[in-house]
Amino acid sequence: MIDRGAPVWRRIDDDRVTAAAGLAVDETLARGAERMPTLRLYTYASHCALVGRFQAVEHEVDVSACVRRGVAINRRPTGGGAILMGADQLGVALACAAADGDRPVHARDAMRRFSTGVVAGLAALGVDASFRGKNDVAVGGRKVAGLGLCRPARGGLLFHASILVDLDVPLMLDVLRTPFAAITAREVALVERRITTVRRERGDAVSVNAVRDAIAAGFADAFGVRLEPGAMDAAERDAAAAVERERYATDAWVDQRTDVSDGVGHASVRTASGTIAVRLASAGRLAKAVHIDGDFVAHDSAIADLEGRLRWHPLERDALVRTVDAVHAQWGADLSGVPAEALVDAVLAAAESSAPSTYGCFVNPEGVR
Amino acid sequence: MSHNIPPDRHYDGERHLWAHATDGARVVVGIDALGLESLGDLAYVKLVEPGTPVKRGDAIGTLEAAKMTSPVVAPASGVVAARNDAALRDPSIVNRDPYGDGWLVAIDATDWAADADHLVHGDAIGPWVDAEVERYRTEGWLE
C-alpha cells in the first residue's frame, strides 16, 4: 500500500545516455539534492569505460581497444575501480542531502545504508544479495553490483551503484587493461567465477526495465519514501549541460593523474594443505586487487569473497589478519584449505615484491609472474 | 585513537577538519581522527597547488577512501602557501599521523581571527567531541 504521507523522492529514468552527459546529470542532481532528493535509474549507450575518481586512465583502460570498439572513456566523481557500462548494466544514482536531520551523514555508514535499496530490489527479483565489506553487493561471494559515493563540495551526497543485469565479459577484458596475454575461455571463466549477474542468478533473460522497477521499489521500501516519476526542469538541464561542457567533456577531467604509484607483485607460501599463490595489484599501500590461486581445496565462492574483501585494503598485517579472520569465520570449512596466517604472509610478501606497473585493477592480475 | 582531538586547534565540526595557526597568519589544515574513522584508509589525496587563492568554504582538495570521495574545504580565506607532497604520494601518512606528518595544506590567512570564530575551539571542543563520539558509538563505528 502506498503511504501518501511518506516523504517524496523524484524518480528519473534515462536510457542510452553518453558517458559525459550521464555523469554531468548525476552531479547536477547532487547539487540540488537538498531541495529535491532524486533516484535516477539509467543505462549508458553501449558501451563506456568509467574509471574511478583518481585512477590513471592509461593504467585501467586499453585506449586503442576502446577507440577500435567505439567505447567512450570517462572519469566518475566517485571512487573505486574501472567499470564497463552499457545497455545491460543498470546505473543507480541517488542524490540526497548530506545531512540526516542536523547530523552529517557518516561516510562508511552511508555506503552500507544506501546499499539496502539495491539489496531489497535484488531480493524482490529472487536474487539473494548482501552488502560485502565496505562497498560491494555480492551473491554468494560473487560481486553483482559495485558501489561508490561522492560528497560534492557544493553540497548534497551522490551514491552510485552499477548493477550487472548482464555483462559481456570478453568485451570487458578487451577494453580494460589486464595482464592477460590473450583472452581465451580460461580467462573469461576466471572472471565469471568472481562476478555474477542478475540474469545468471535468475536463470532467465529478465529485462533491464524489470530490474529497474524492482530496484526503485527496493529503495522506496528501504527508505520509507514515495517515488514520483519526474524529469529535470529547464534550469537543471541547463546546469547539467554546463557541467558536461566544463568538466566531463574535457580532457583535463578525463586525463587527470595522481602521485600514488600503481604496482604488481606475487608470492607463494607452502602450507600443510597446499601452496597459496597470491598475485597483487596495488595503489600505494593499498591492495587494488588480490588474486588467490594454488593447489589447496576451497570453495570458489569463498575465494571470490576473500578476494573481494581484500580490494582497496591496507597492506598492513593487523588489518589483513582482522579481515581474513572475519571471512574465515563466515565460510568455515569452505576456506579451511587457506590458513589465515599463511594467506596474510603471502599477501605481504607479494606487496614486498611489488614493482611499478601500468596494469589496472578490475580483473585479477592473473599471469603476472 | 578516535578520541585523539588535540585541544590546541580549531575544528570544522561538520567536515572534521582541523586548523592550526602556527606562525602568525599561517594556518595548517588536516583531517581529524574522527573524520578518518568515518572515511577509513585513504587511497588517494588531491590538493590544490600552492599559490591558489581560496575563500573559506572553497574546496581545496579531495580525499578518497573505500570508494567514497570527500572534499577538503578551506577553513580560512587566503592563499594556499604549501601542500603536503608526501601525503599525495603516500596517503597512508595521513591515517598514521593526522596531526603531524599527515597535514594537508597550509593557508596564509587574510583574516584568521574572523574565520576562527566559525570553527569549534577552546572550551567548545570537549562537548563537541563527546557528542560526536556518542554519535559514532550509536552508529556502530566505535566500541
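Peer 1: Any details on the overall build of chain A? Residues and values, ideally.
Peer 2: Of regular secondary structure, chain A possesses 13 helices and 18 strands. Radius of gyration (C-alpha) of chain A: 20 Å, near the 21 Å computed for a compact globule of 369 residues. For chain A, the spread of C-alpha atoms along the principal axes amounts to about 65 × 45 × 40 Å. Taken over 369 residues, chain A has a buried fraction of 59%. Contacts in chain A between residues far apart in sequence, at least 24 positions, make up 71% of those at least 6 positions apart. Of the roughly 14,400 Å² of accessible surface on chain A, a fraction of 49% belongs to carbon and sulfur atoms. Of the side-chain charges in chain A, 44 are positive and 48 negative, and the distance between the mean point of each set is 2 Å.

Peer 1: Residue-level account of the domain arrangement of chain A, with values.
Peer 2: Residue and element names in this part refer to chain A. Here chain A is described as being made up of domain 1 (8-254) and domain 2 (262-356). For domain 1 and domain 2, the distance between their C-alpha centroids amounts to 27 Å. With 14 residues of domain 1 at the contact, the number on the domain 2 side is 14 residues. Between domain 1 and domain 2, the buried area comes to about 1,100 Å², and carbon and sulfur atoms account for 45% of it. Sorting the residues of domain 1 by area buried against domain 2 places Arg-132, Arg-193 and Arg-194 first, and these three jointly supply 35% of that buried surface. Joining domain 1 to domain 2, the criterion identifies four salt bridges. Of the charged contacts, one joins Asp-300 and Arg-193 as a salt bridge, the two residues approaching to 3.5 Å between their closest N and O atoms. At the boundary of domain 1 with domain 2, the tally comes to seven residue pairs in polar contact (both at pLDDT 80 or more). Grouping the constituent residues of the side of domain 1 that touches domain 2 by class yields one nonpolar, seven polar and six charged.

Peer 1: Tell me about helix α11 (residues 300-309) of chain A, residues and numbers included.
Peer 2: Residue and element names in this part refer to chain A. Burial of α11 is extensive: eight of the 10 residues sit out of reach of the surface. Taken together, the buried positions of α11 are occupied by Ser-301, Ala-302, Ile-303, Ala-304, Asp-305, Leu-306, Glu-307 and Gly-308. Buried-residue contacts for α11 involve β9 (130-132), β10 (136-139), β11 (142-150), β16 (286-294), α12 (317-331) and α13 (340-352).

Peer 1: How would you explain the nonpolar core if you had to name every residue and give the values?
Peer 2: Residues and elements named next belong to chain A. Grouped together as the largest cluster of nonpolar side chains are 67 residues, with contacts concentrated most on Val-118, Leu-122, Phe-159, Ile-163, Val-198, Ile-215 and Phe-219. Of all the elements, helix α8 (residues 208-223) adds the most residues to this core, at seven residues. When sequence neighbours within four positions are dropped, the list of residues in contact with Leu-122 reads Val-127, Ala-129, Val-137, Val-144, Ile-163, Val-198 and Ile-215. If you look at the next biggest cluster of nonpolar residues, it comprises 46 residues, including Ala-33, Cys-66, Cys-150 and Val-191.

Peer 1: Tell me about the layout of surface pockets, residues and numbers included.
Peer 2: One number sums up the size of the second largest pocket: a volume of about 810 Å³. Looking at the second largest pocket, it is lined by 28 residues, and the ones nearest its centre are Glu-27, Arg-31, Ala-153 and Arg-247 of chain A together with Ala-59 of chain B. Counting residues per element, the ones that place at least two in the lining of the second largest pocket are α1 (19-31) and α9 (234-248) of chain A together with β4 (42-47), β6 (59-65) and β7 (68-73) of chain B. For the lining of the second largest pocket, the element with the highest residue contribution is α9 of chain A, accounting for five residues.

Peer 1: Which residues make up the sheet that holds strand β4 (residues 72-75) of chain A, and what values go with them?
Peer 2: Residues and elements named next belong to chain A. Strand order across the open sheet formed by three strands is β4-β3-β5, with mixed pairing between neighbours. Unpaired on one side and paired on the other, β4 and β5 (83-85) mark the two borders of the sheet. Looking at each pair of strands side by side, their axes are set apart by 30 degrees on average, direction ignored. For strand β3 (residues 48-51) and β5, the ladder comprises three bridges, and the chain directions are antiparallel. Along β5, the bridge assignment pairs Leu-50 with Ile-83. Docked against the sheet, α1 engages β3 and β4, running at close to 25 degrees with respect to β4.

Peer 1: Please set out the pairing of strand β15 (residues 274-283) of chain A residue by residue, giving values where relevant.
Peer 2: All names here are of chain A. The buried count for β15 comes to 10 of 10 residues, which makes it a mostly enclosed element. In this sheet, β15 lies alongside strand β14 (residues 262-271) in antiparallel orientation, the contact comprising 10 bridges. In the strand pairing of β15, Arg-270 is matched with Thr-275. In the sheet, β15 pairs with β16 via eight bridges, with the strands oriented antiparallel.

Peer 1: Explain the sheet that holds strand β5 (residues 53-54) of chain B residue by residue, including any values.
Peer 2: For sheets, the rule is that strands pair by backbone hydrogen bonds, running either parallel or antiparallel. All names here are of chain B. The strand order across the open sheet built from six strands is β1-β2-β3-β9-β8-β5, with neighbouring strands paired in antiparallel fashion. Because the sheet does not close on itself, it has two edges, and the strands there are β1 (10-12) and β5. Examined bridge by bridge, β1 and strand β2 (residues 17-23) share three bridges and lie antiparallel to one another. Bridge pairing in β2 links Tyr-11 to Trp-18.

Peer 1: So what about the interface of chain B and chain A? Which residues, and what values?
Peer 2: Between chain B and chain A, the residue contacts involve 30 residues of the former and 39 residues of the latter. Roughly 3,200 Å² of surface becomes buried between chain B and chain A when both sides are summed, with 55% attributable to carbon and sulfur atoms. Among the ionic pairs, Arg-285 of chain A bridges to Asp-90 of chain B, the shortest N-O distance being 3.1 Å. Linking chain B with chain A are 13 residue pairs in polar contact (both at pLDDT 80 or more). Secondary structure elements with two or more residues in the side of chain B that touches chain A: α1 (33-39), β4, β6, β7, α2 (85-89), α3 (92-96) and α5 (125-138) of chain B. Class assignment for the residues of the side of chain B that touches chain A results in 12 nonpolar, six polar and 12 charged. Across two bridges, β11 of chain A lies against β7 of chain B in parallel orientation.

What counts, and at which threshold
- Residues numbered from 1 in each chain as written.
- Chains lettered and ligands numbered in written order.
- Predicted model: local features only at pLDDT ≥ 70, side-chain atom pairs only at ≥ 80, totals over all residues.
- Heavy atoms only, no water.
- Helix = DSSP H or I, 4+ residues; strand = E, 2+ residues; numbered from the N terminus.
- Rg over C-alpha atoms; globule rule 2.2 N^0.38 Å.
- Buried < 20%, exposed > 50% of the residue type's maximum accessible area, 1.4 Å probe, protein only.
- Contact = heavy atoms within 4.5 Å.
- Areas by Shrake-Rupley, 256 points an atom, 1.4 Å probe, with all protein chains shown as cover.
- Lys, Arg positive; Asp, Glu negative; His and termini not counted.
- Charge placed at Lys NZ, Arg CZ, Asp CG, Glu CD.
- Domains from an automatic or database assignment.
- Buried area = accessible area lost by both parts, 1.4 Å probe.
- Salt bridge = Lys/Arg side-chain N within 4 Å of Asp/Glu carboxyl O.
- Polar contact = N/O pair within 3.5 Å; in protein donor to acceptor, adjacent residues only side chain to side chain.
- Nonpolar A, V, L, I, M, F, W, Y, C, P; charged D, E, K, R; others polar.
- Core = buried A, V, L, I, M, F, W, Y, C linked by side-chain atoms within 4.5 Å.
- 1 Å grid on protein atoms, 1.4 Å probe; cavity = no way out; pocket = protein on both sides within 12 Å on 5 of 7 lines; lining within 4 Å.
- Points joined across faces, edges and corners; volume = space filled by probe spheres on them.
- Pairing = 2+ DSSP bridges.
- Axes fitted to C-alpha atoms, helices over the stretch in contact; angles between N-to-C directions.

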